[in-house]
Amino acid sequence: NATGVGEGDEIIITAFDNDSKTFDHVASTLCKLSFVATIATHPAICSMSHVPDIGVMNEEARWIVESGDSTSRSTPWLDSGLTGAGQVVSLIDTGIDVDNCYFWDSTNLPPHSWNDKSNRKITQYVSFADGNDHGSGHGTHVAGTIAGHISTDGGKTSSTSPGMADGIAKDAKISFYDFSKEGKTVDLPSNLHVAFDKGRNAGSKVLNASWGGYDGGSYGYWDRVFDDYIFRKDDFLIVVSAGNSGAGQKPTSIHTPASAKNVISVGATQSSGKDVTRGMKGEDYVAWFSSHGPTADGRTKPDVVAPGESILSAGARSSQRGECDP
């Protein structure tokens, strides 16, 4: 999209081996437009597209996801022993406050990377950006929603009593790739497949990406990157948040890479019970902010919806150690 190129934009050139070269903000708009016009005519160029800026997006949720039965509030998966035990979930996000009681192993602390399969909860932490979570802690919240499990002793054992914010797959372990500096900027590697491989090599077959960028619902650069990886590694599943641009039921507001063909894109619903606040109607209603489909090329997205508004989860408190339930 050459008409959208400005002085603050980057130009990314990706080769067939997914190695990328980035030309940053230094050049003038005229220089960048001339460059784009020139390379567009080269026979080796297959396609050109706009790459939007990427940003992060995440007691009642468990029964809504498992049964949807507001009368019994039953949790059939949990009751039958499906707790995530023996599984590793990989995440790429802003960081985890690793001494929060929902992740605490006591032996590994930021900013160092590690890979230790014996850990209770976080088996791998890749400090690509800064090795911590900041502010309210987007990555900490998402990781807690998925696989947080309370430990009150800071050791290798999980509490036998449920925590207020135990995750859906509370016995799963986590492989984490930290891509954000101070929780504000997103610092993706030039070859995102390297980050995917980190989790896969740690034993994970599923990855969560609760981030993206609005690009009019079009199929673009990041969508191709995700689809290409899944095509090459067809035993690997990637779950992506649909986006937070759906206010006013705005159509074609799906973010990239949620527009990818081979990912599972997840929209947000409201919650239930005591979590219903600020005029919410309940778990059968889509959250006001959740992005809507279809995609710009007419495909149905999101693929599924799950609770995403007023969700209780772990929080980042970098100034505290061992923070836990009140």
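Note that the structure is predicted; figures quoted are calculated from it, not measured. (Residues numbered from 1 in each chain as written. Predicted model: local features only at pLDDT ≥ 70, side-chain atom pairs only at ≥ 80, totals over all residues. Heavy atoms only, no water.)

Undergrad: I tried to follow the overall build of the protein chain on my own but got confused; where do I start?
TA: What the protein chain contains, in helices and strands, is six helices and 15 strands. Taking all 326 residues of the protein chain together, 47% fall into the buried category. Roughly 15400 Å² of accessible area belongs to the protein chain as shown, and the carbon and sulfur atoms make up 53% of that amount. (Helix = DSSP H or I, 4+ residues; strand = E, 2+ residues; numbered from the N terminus. Buried < 20%, exposed > 50% of the residue type's maximum accessible area, 1.4 Å probe, protein only. Areas by Shrake-Rupley, 256 points an atom, 1.4 Å probe, with all protein chains shown as cover.)

Undergrad: How do you make sense of the environment of D227 when you look at a structure like this?
TA: Among the structural elements, D227 can be located in helix α6 (residues 221–232). Under the relative-accessibility criterion, D227 is labelled buried at 6%. Sequence separation between D227 and K261 is 34 residues, and the spatial gap between their C-alpha atoms is 6.5 Å. For D227, the contacting residues outside a window of four places in its chain are Y219, A260, K261, N262 and V263. A distance of 2.9 Å separates the side chain of D227 from the backbone nitrogen of K261, its partner in a polar contact. (Contact = heavy atoms within 4.5 Å. Polar contact = N/O pair within 3.5 Å; in protein donor to acceptor, adjacent residues only side chain to side chain.)

Undergrad: It is not clear to me how helix α1 (residues 29–40) should be interpreted in this structure. Could you clarify?
TA: Each full turn of the α-helix corresponds to 3.6 residues, which orients residues three or four apart in the same direction. Taking 1.5 Å per residue as the helical rise, α1 with its 12 residues ought to reach 16 Å, and the 16 Å between its terminal C-alpha atoms agrees with that figure. Along α1, the residues that are buried comprise K32, V36 and I39. Summarising the axial view, the buried residues of α1 lie within an arc of 75°, below the 170-degree limit, and thus occupy one face. Those residues of α1 that are exposed and angled more than 90 degrees off the buried face are L30 and T38. (Expected span 1.5 Å × (residues − 1). Arc of directions from axis to C-beta.)

Undergrad: Could you clarify how one ought to interpret the packing of aromatic side chains in this entry?
TA: Here a ring pair, both rings aromatic, is described through the centre-centre distance and the interplanar angle of the planes. Scanning the entire structure with this criterion turns up 10 aromatic pairs. Between Y221 and W222 the ring centres are 4.8 Å apart and the planes differ by 75°, which places this aromatic pair in the edge-to-face class. According to the relative accessible area criterion, Y221 is buried, its value standing at 9%. Put simply, the rings of F179, F196, W211, F226, Y229 and F236 touch in pairs and so form one group of aromatic residues. Over the aromatic face of Y219 sits the side chain of K261, whose NZ or CZ is 5.1 Å from the ring centroid. (Phe/Tyr/Trp six-rings, centres within 6.5 Å; stacked < 30°, edge-to-face > 60°. Lys NZ or Arg CZ within 6 Å of the ring centre and 35° of its normal.)

Undergrad: How do you make sense of the sheet that holds strand β10 (residues 206–209) when you look at a structure like this?
TA: Sheets are built from strands paired through backbone hydrogen bonds, the pairs being either parallel or antiparallel. Read from one edge of the open sheet, eight strands run β5-β6-β7-β4-β10-β12-β14-β15, paired in mixed fashion. Both outer strands of the open sheet, β5 (114–115) and β15 (304–307), are each paired with one neighbouring strand and no more. Pairing between strand β6 (residues 122–126) and strand β7 (residues 173–178): four bridges, direction parallel. The partner of I122 across the bridge, within β7, is I174. Docked against the sheet, helix α4 (residues 138–147) engages β4 (88–93), β7 and β10, running at close to 160° with respect to β4. (Pairing = 2+ DSSP bridges. Axes fitted to C-alpha atoms, helices over the stretch in contact; angles between N-to-C directions.)

Undergrad: What am I meant to see in the packing of helix α5 (residues 192–201) against α6 here?
TA: When two helices pack together, their arrangement is captured by the angle between the axes and the distance separating the axes. Contact pair α5 / α6: the axes reach a minimum separation of 10 Å and the direction vectors enclose 40°. With respect to α6, the element α5 is oriented oblique. By crossing handedness, the relation of α5 to α6 is classed as right-handed. Judged by residue contacts, L192, H193, F196, D197 and R200 of α5 engage W222, V225, F226, D228, Y229 and R232 from α6. (Parallel < 35°, antiparallel > 145°, perpendicular 65-115°, else oblique. Left-handed = near helix turned anticlockwise from the far one by under 90°.)

Undergrad: I keep staring at the pattern of salt bridges and nothing clicks. Help me out?
TA: Two side chains of opposite charge can pair, provided their charged atoms sit close to one another. Summed over the entire model, instances satisfying the criterion amount to six salt bridges. The salt bridge involving R232 is made with D228; its shortest N-O contact spans 2.7 Å. Residue R232 and its partner D228 are located together in helix α6, separated by four residues, close to a single helical turn. Measuring nitrogen to oxygen at the nearest pair gives 2.9 Å for the salt bridge that ties D303 to K301. Look at D303 and you get partly exposed, because its relative accessible area is 39%. Taking relative accessible area as the criterion, K301 reaches 6% and is therefore assigned buried. One salt-bridge network, in which partners are shared between bridges, spans R200, K205 and D235. (Salt bridge = Lys/Arg side-chain N within 4 Å of Asp/Glu carboxyl O.)

Undergrad: Hey, could you run me through a nonpolar patch on the surface in this one?
TA: A cluster of nonpolar side chains, contributed by V65, W77 and L82, occupies part of the molecular surface with about 280 Å² of accessible area. With respect to the helices, strands and loops of the structure, L82 is situated in the loop between α3 (76–79) and β4. Exposure remark for L82: the relative accessible area of 58% places this residue in the exposed category. (Patch = residues over 30% accessible without salt bridge, like charges linked within 9 Å, V, L, I, M, F, W, Y side chains within 5 Å.)

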